[in-house]
Amino acid sequence: MSVLYIVVPLALVIVAVFVAFFVWSVRSGQMDDLDSPATRVMLDDDGTPITRPADRAAKADAARR
Amino acid sequence: MDDVPRSTVCAHCGLCVPAWMVTPGGSEQFCCAGCRAAYELIRGCGLDRYYALRDELAPGSKSIAGSNRQFAEFDDPAFMKLHCRVCDAPAAGACVRTVDLLLEGVHCGACMWLLEKLPQLVPGVTSARLHAGRNVLTVTWDDAAVRLSRICATLAKLGYTPHAARASRDGRAASEQDRAMLARVGVAGALAGNVMLIFLALYAGAFDSMDPGHVRLFRIISTALSVLCLLWPGRVLIDGAIAAIRTRTPHLDVPISLGLVLGTAWGVYNTVRGTGELYYDSISVLIFFLLIGRYIQQKQQRWASSSVELLFSLTPQGATVITEQGEQEVSVESLLPGQTVLVRSGQSVPVDGVVVKGSSTLDRSLLTGESQPVSIEPGQEVFAGTVNVAAPLHVLVSSTGEQTRVGRLMRMVEEGSRRKGRMLLLADRAATWFLVAIVGLAVATLVIWWRVSPSVAIENAVALLVVTCPCGLGLATPMVMTIAMGRAARAGMLIKDAQTVERLADAARSRGVIALDKTGTLTDGRATVVSIEGEMHTLRLAACLVASSNHRVARAIVDAAKRAELTTQPLDLTRVRAREISGRGVIGTVGATNVIVGSEAFVRSRLGASEADGLAKGPGQGPQALSRVAIAVDGKIRTVLSLADQVRGDAREAIASLRSAGLEPIVLSGDEQAVVQSIGRSLGIADEALHAGLSPEEKLAEIESIKARRAVIMVGDGVNDAPALAAASVGIAVRGGAEASLEAADVYLRSEGVRPVVELIAGSRRVMRAIWLTIFTSVAYNVVAATLCMAGLVNPLLAAIIMPASSFTVLAVALLHPSFRPTTSRGVASTDGGVS
């Protein structure tokens, strides 16, 4: 089983790569908030445009003219 | 019964709408103006999906009614500098800033949806992102398009009162530290996992035979991984130990690091010489578990108080100076003693000074906690932070900023917190004993086995150091504390840190004193109608007239009408015309009826000083009576109400519970002797334990004199309690408290009254019992392990089994032991729903 001399260090290199990814994701702040994304997924936007009273009044004025 | 509407539940908050407040023919009903405003704002922007979402995600949860608070102090440049971060301005003329706001009332996913729609609600806001776990909303906005005060006023109107998130001050540094720790945990986990896999192979090879070349490969690789684990993630433990040794403070890191370093060093030696045991799997898993504990500990909320910031939240930053040219708006910092400022009615006084012109009434509750406004004449002294109620005043400045009385009070708060210092946690005190015991046993093992063979002796001694490492303790005590504090937070008790829990339990155990403020803690803090003389039906008319006023007395009248539920016939609020004369009363018409509501003097003056009312002018209702309010209908006084600040219903029982917990209750109040005495008697507190008429400085002095002999817990809510809260062994701020008392205190209770304090103390004692239990379990395991080591019976496989077993047992104790339970009082106004 002399392949072990190659395979085991290779496996460690792969581990190192993944650890590097993990450290990068932590340092760039992706792990700061783990609670809100879970809820945010549930809230889908049905895309209806939202109008403010001021905008609606302006639109009504424009329509009247 | 006429016209009973289909639904009598408030469309916004879900609470019951009393029948007389129902609008006939309206499809939605509201229980108060705040709910109506919030609903209309949400509806007006087309966001009523909020209500559907709320029912879907968190059925049964209640929204909070909105408030009318304006946040002018948030626009102040000094505030902005402290709390807001400036973004690189993308467009010309834009001034984009970011702020973190701590929100009250966030309770479900629907709130998150609504809050993140803030850009649509308030033009000028570019983004709003909610951190659900910490209830912090990060808002980015263009300061040129909209001011922060408008954004905050909108949030308050929706029911989410914002506070400046203090953490954002050192937020940058704090989150860097958290991230670094999380990275260490992850790396330690990866290394520990791989070391365990390699050791699995080694153990398997130990029973059968294994190619020596492979054995050497695995030993070398695991040495490399383990040394890396010690020097990279494990470095914090060693640094902590060195710091503790240097400052001669006991800390668990010292015995832990001893085991880790010696174990690794001996393992390196054994790998080099080719024979001997390796304990790397136990060591790296130990590092991993300990770092998890540290990470959890580090993420606890940090509160800190600085007197300058506190001052900003209490006093206005702008003032109107009166010069020969006329009135001029300046900032308070530029004022000098000798200048004269104009304080309009409704404004806070910006400086300490003497009144030179004008007579008015002043609300001094900021400083004294007194609920009654006092009249003020030229020649009298006024203090910064008090509110001028009735008429404009000209004030000659005598001191400003930090030299004002309230400024000095805030400095006392800061000093009090500093002097309190750090207490050694129980686990840290146990660390010294551990160290001594472990080192002693290791030396004993060396001595016993040296005559047999030195290397066996060292093997056994190292094994002892590794296996008896107090990993269970190092992990369990932070876990117990963090889980307990999390449970407490869900029950509405926000605790600053672990020391507070220990101090609370110690105070109860050592028969300490608990000092209670009167107004707001023992009493409702609001005016309540306690008796009605004359005709009852006028109450309804008066309630309609004053329904839109925010004055304390107006709310008392509305409450009384709700409680009386005089008729189920709905009254049309749209036919009310009311005019409020600030501070004195309301005059107007309800339908066709003329109604006047106000103090007796006010009403009489409006009616033309008519003496013959047919009502006996009875004496005051005793020392508790705040004031008498008259209701005149169609030209004649028909009803006189007596208002008082009532003692809470559960207060007496709560005081008794506090006594049985081992604490001695006393009352410290700024209010008059007679009032405090009558309340004390009704609660069963002896007269010697009642202290009345205290200024904030006197409260502080009282607390310090008690602290010299016994532990003292202080419960209060006003600014006048803040220095005492900071100086006490544990300061507890209750709901509705001023910003300053929140900063000064160690615990913030979101529910009202004294009952939550009882639960807080009971919970703290349970937590300490859990910690003792974990220490005991840990010691039991270590005794067994040490015996095995000294008998030479232990090998790495056995160690790898014993150590996680001890950790998991201790963890199980930590998780399963009861700590804080939610209070069942009706005062809990917000519930934590399904987000966290």
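Since the model is a prediction, treat every value here as computed from it, not as a measurement.

A.B. asks: Could you give me a rundown of the confidence of the model for chain B, with the residues and numbers involved?
C.D. replies: Residue and element names in this part refer to chain B. Averaged over all residues, the pLDDT of chain B equals 79, while 82% of them reach at least 70. Below a pLDDT of 50 lies the segment residues 612–616, which in the model reaches 9 contacts outside its immediate sequence neighbourhood of four places, other chains included. If you check the scores for this complex, the pTM reads 0.70 and the ipTM reads 0.78.

A.B. asks: Could you give an account of the nonpolar core, with specific residues and numbers?
C.D. replies: Residues and elements named next belong to chain B. I514, I703, I713, I732, L760 and I761 are the most contacted members of the largest nonpolar core, which has 147 residues in total. At 13 residues, the largest contribution of residues to this core is made by helix α7 (residues 171–207). In this structure, V106, A110, A156 and L158 belong to the second largest nonpolar core, which totals 46 residues.

A.B. asks: Got a sec to walk through the confidence of the model for chain A? Specific residues and values, please.
C.D. replies: When pLDDT is averaged along chain A, the result is 79; 71% of the residues meet or exceed 70. Within chain A, the element-level pLDDT minimum falls on helix α3 (residues 53–64) of chain A, averaging 63, and the maximum on helix α1 (residues 4–27) of chain A, averaging 94.

A.B. asks: So, the sheet that holds strand β15 (residues 493–495) of chain B: which residues are in play, and what are the values?
C.D. replies: One open sheet accounts for 7 strands, arranged β15-β27-β26-β25-β16-β23-β24 (chain B); its pairing is mixed. Since the sheet does not close on itself, it has two edges, and those belong to β15 and β24 (690–691) of chain B, each with one partner.

A.B. asks: Could you give an account of the interface of chain B and chain A, with specific residues and numbers?
C.D. replies: Across the boundary between the two partners, chain B contributes 38 residues, which contact 30 residues of chain A. Overall, the association of chain B and chain A removes approximately 2900 Å² of surface from exposure, summing both partners, and the carbon and sulfur fraction of that is 64%. Looking at the side of chain B facing chain A, the largest losses of area belong to R49(B), R179(B) and H214(B), adding up to 18% of the total buried there. Across the contact surface, chain B and chain A share 0 salt bridges. Applying the counting criterion to the chain B and chain A interface returns 3 residue pairs in polar contact (both at pLDDT 80 or more). Those elements that place two or more of their residues in the side of chain B that touches chain A are α1 (33–44), α2 (49–57), α4 (109–116), α5 (118–121), β3 (125–131), α7 and α8 (212–231) of chain B. Looking at the side of chain B that touches chain A, the element that brings in the most residues is α7(B), giving 7 residues. Split by residue class, the side of chain B that touches chain A holds 20 nonpolar, 10 polar and 8 charged.

Basis of the calculations
- Residues numbered from 1 in each chain as written.
- Chains lettered and ligands numbered in written order.
- Predicted model: local features only at pLDDT ≥ 70, side-chain atom pairs only at ≥ 80, totals over all residues.
- Heavy atoms only, no water.
- pLDDT = per-residue confidence, 0-100.
- Contact = heavy atoms within 4.5 Å.
- Core = buried A, V, L, I, M, F, W, Y, C linked by side-chain atoms within 4.5 Å.
- Buried < 20%, exposed > 50% of the residue type's maximum accessible area, 1.4 Å probe, protein only.
- Helix = DSSP H or I, 4+ residues; strand = E, 2+ residues; numbered from the N terminus.
- Pairing = 2+ DSSP bridges.
- Buried area = accessible area lost by both parts, 1.4 Å probe.
- Salt bridge = Lys/Arg side-chain N within 4 Å of Asp/Glu carboxyl O.
- Polar contact = N/O pair within 3.5 Å; in protein donor to acceptor, adjacent residues only side chain to side chain.
- Nonpolar A, V, L, I, M, F, W, Y, C, P; charged D, E, K, R; others polar.

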